[in-house]
Amino acid sequence: MKISDTIAFAGVGATPQGKLSGRTPLDLGIEAFRHALDDAGLKKDDVDGILTMPGTTSPEGGLHFLRFGEAVGINPRYTGSMTMGGATAGCLVQMGAMAIAAGLATTVACIFGDTAKTGGSRFDRASGGETSWATWGMMSAAANSGIAADRHMHTYGTTSRQLAEVAVACRYHASLNPAAVMRDPITVEDHQASPWIVRPLHLLDCCLISDGAVCVILTSTERARDLRKPAVLVGGFGQAHTTMNLEQEDWWYVPHQKRALADAFAMAGCATSDIQVAQLYDNFTISVLLWLEHAGFCGAGESGAFVENGRIRLGGELPVNTAGGNLSESYMEGWLHIVEGVRQVRGESGTRQVPDVEHCLVTGRGMILNCSNAMILRKDAR
Amino acid sequence: MTKPVPAATPLSLPFWEAASRGELKMQKCDDCGHIRFPIGPACTKCLSPHSTWTGVSRHGKVLSHLVFHRGYTPDWRTEVPYSVVMLQLPEGPRLFLDVVDPDKKLVEADLVGQQVRITFDTMADGVGVPRALYEAPMQEAHT
Ligand SMILES: [Zn+2]
């Protein structure tokens, strides 16, 4: 079964982002769904697949798909919910693409809504199982990415100022994005002066916490070509996961991401040099550095130097997170990375548009350092 | 000291009982000899359910050193800033421990590459909890 280029993004939609008092993950999700339907020129009854990611504040948990289907009045042929943190968005899109390719659905909506900001989600749980790491104060997403940053610094000489370059680039891009939550430009010095959260990570190494919702709708490329917007093809995808942590020495380096990327490039039949713009999952600045190495934009240990001198800013060699990313646009756990990828390939990104985009790389990463996926979005050559 | 007393499970009870005697014990597979940590019901190499709680070194090398300036629970909020290290034991396993630092001097230091001893704190109900102890003059003796 050939999947590459046979499935396309038909529509994308997002609600306002930030602090949205009085809203619920469910009503936000429905609003995003409506926007994505409008973007595609589809009616809700055209959708026969619904895949959801429960928000951190969604009361339904793993049964979220059931409540969502009921709330929008759709009895889907194909449905389900998945919880894989920041890797969920990409994994659900891959699931939707495979369902359409297998004939289990024709048009699949993937939806996420959350009120993490007003609902007080803290993302501070400890891992460890039988002997919870909380016993030793080892908790929070920041601490786990702190291990990755600290090991990268000690192994390769990467510096905090180099991490700052990622935050500065994302904020610059957000300043060009009217929908972004944090739009005031920052400097490397601002990053250095921001308080420590978990050393070696400063406040400005950390993503936002946000309310909002996002929906992306997939269908066959053939159908997508008859819809309102240009089809954005799913060129290739892959995923890989490391369930082990302390037992695997290079766990902190998330080496499984290399496999996810290699599979995506192989399916798409293209290479790193074919990518004009990338949306790389950035729960923390260090995450972007690891993606750059794993995707082969630079060698192992070279990402710190790679991000210097504006190379990942608009106008640079490889603009990254052109809408501002989790760090500055909004923390939609990677869902907005897909939306921006689609818009860049369509040429809809306005003042932050990268010229002549043929391929955009979109990556997702979730849980402690465990889950990853990659997708290559391609312009329809028809 | 307001740190939480760890909750033992049937599987982890031998770990805490040993720690309460000042010993660090981990599960060694009876079939392939692999020492696993985190604690689990089966060997992560050969899936054997048979293992013996075996003493391991009470010292290790620091692979990573974090300094928490945020406390994520009420217990830890009163402790900031505090250090957590990822330790490499000579026998192979790795673990996270917080660092004994009553004068808050080590939160300014970088312990990566250093040797630390593992010491045991006795909590209110007699449970022993391993923690990392860095003693600059002692480090030579353990390298
Ligand atoms: Zn074994």
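Presented here is a report on the structure given in the accompanying data block.

About the cut-offs
- Residues numbered from 1 in each chain as written.
- Chains lettered and ligands numbered in written order.
- Predicted model: local features only at pLDDT ≥ 70, side-chain atom pairs only at ≥ 80, totals over all residues.
- Heavy atoms only, no water.
- Helix = DSSP H or I, 4+ residues; strand = E, 2+ residues; numbered from the N terminus.
- Rg over C-alpha atoms; globule rule 2.2 N^0.38 Å.
- Buried < 20%, exposed > 50% of the residue type's maximum accessible area, 1.4 Å probe, protein only.
- Contact = heavy atoms within 4.5 Å.
- Areas by Shrake-Rupley, 256 points an atom, 1.4 Å probe, with all protein chains shown as cover.
- Lys, Arg positive; Asp, Glu negative; His and termini not counted.
- Charge placed at Lys NZ, Arg CZ, Asp CG, Glu CD.
- Donors = N, O, S within 2.8 Å, 3.2 Å for Na, K, Ca; no water.
- Tetrahedral: all angles 85-135°; square planar, octahedral: opposite > 155°, others 65-115°.
- Salt bridge = Lys/Arg side-chain N within 4 Å of Asp/Glu carboxyl O.

Along its length, chain A carries 13 helices and 11 strands. On C-alpha atoms alone, chain A measures out to a radius of gyration of 19 Å, which is about the 21 Å that the 2.2 N^0.38 rule sets for 382 residues. Along the three orthogonal principal directions, the C-alpha set of chain A runs to about 55 × 45 × 40 Å. The proportion of buried residues among the 382 residues of chain A is 63%. Taking contacts inside chain A between residues at least 6 apart in sequence as the whole, the part at least 24 apart equals 76%. A total accessible area of about 13100 Å² is found for chain A, and carbon and sulfur atoms account for 51% of it. Here chain A contributes 31 positive and 39 negative side-chain charges, whose respective centroids are spaced 4 Å apart.

To continue, consider the coordination of the zinc ion. Residue and element names in this part refer to chain B. At the metal site, the zinc ion is ligated by C29 (SG), C32 (SG), C43 (SG) and C46 (SG), and these contacts range over 2.3 to 2.4 Å. Relative to the metal, the four donor atoms surrounding the zinc ion lie at angles of 101 to 119 degrees, and the coordination shape comes out tetrahedral. Motif for the zinc ion, donor spacing along one chain: C-x2-C-x10-C-x2-C. Of this pair, C29 sits in strand β1 (residues 25-29) while C43 sits in the loop between β2 (35-36) and β3 (51-55), and the two are 14 residues apart along the sequence. In this structure, C29 and C43 share a single accessibility class: buried.

A separate point is the pattern of salt bridges. Residue and element names in this part refer to chain A. Taken as a whole and judged by the stated rule, the model has 19 salt bridges over all chains. Here R67 and E70 are joined by a salt bridge, their closest N and O atoms 2.9 Å apart. You can see R67 and its partner E70 sitting in helix α2 (residues 64-72), three residues apart, about one turn around the helix. The class for E70 is exposed, based on a relative accessible area of 58%. Taken together, the shared-partner salt bridges connect D39, K229, R346 and E348 into one network.

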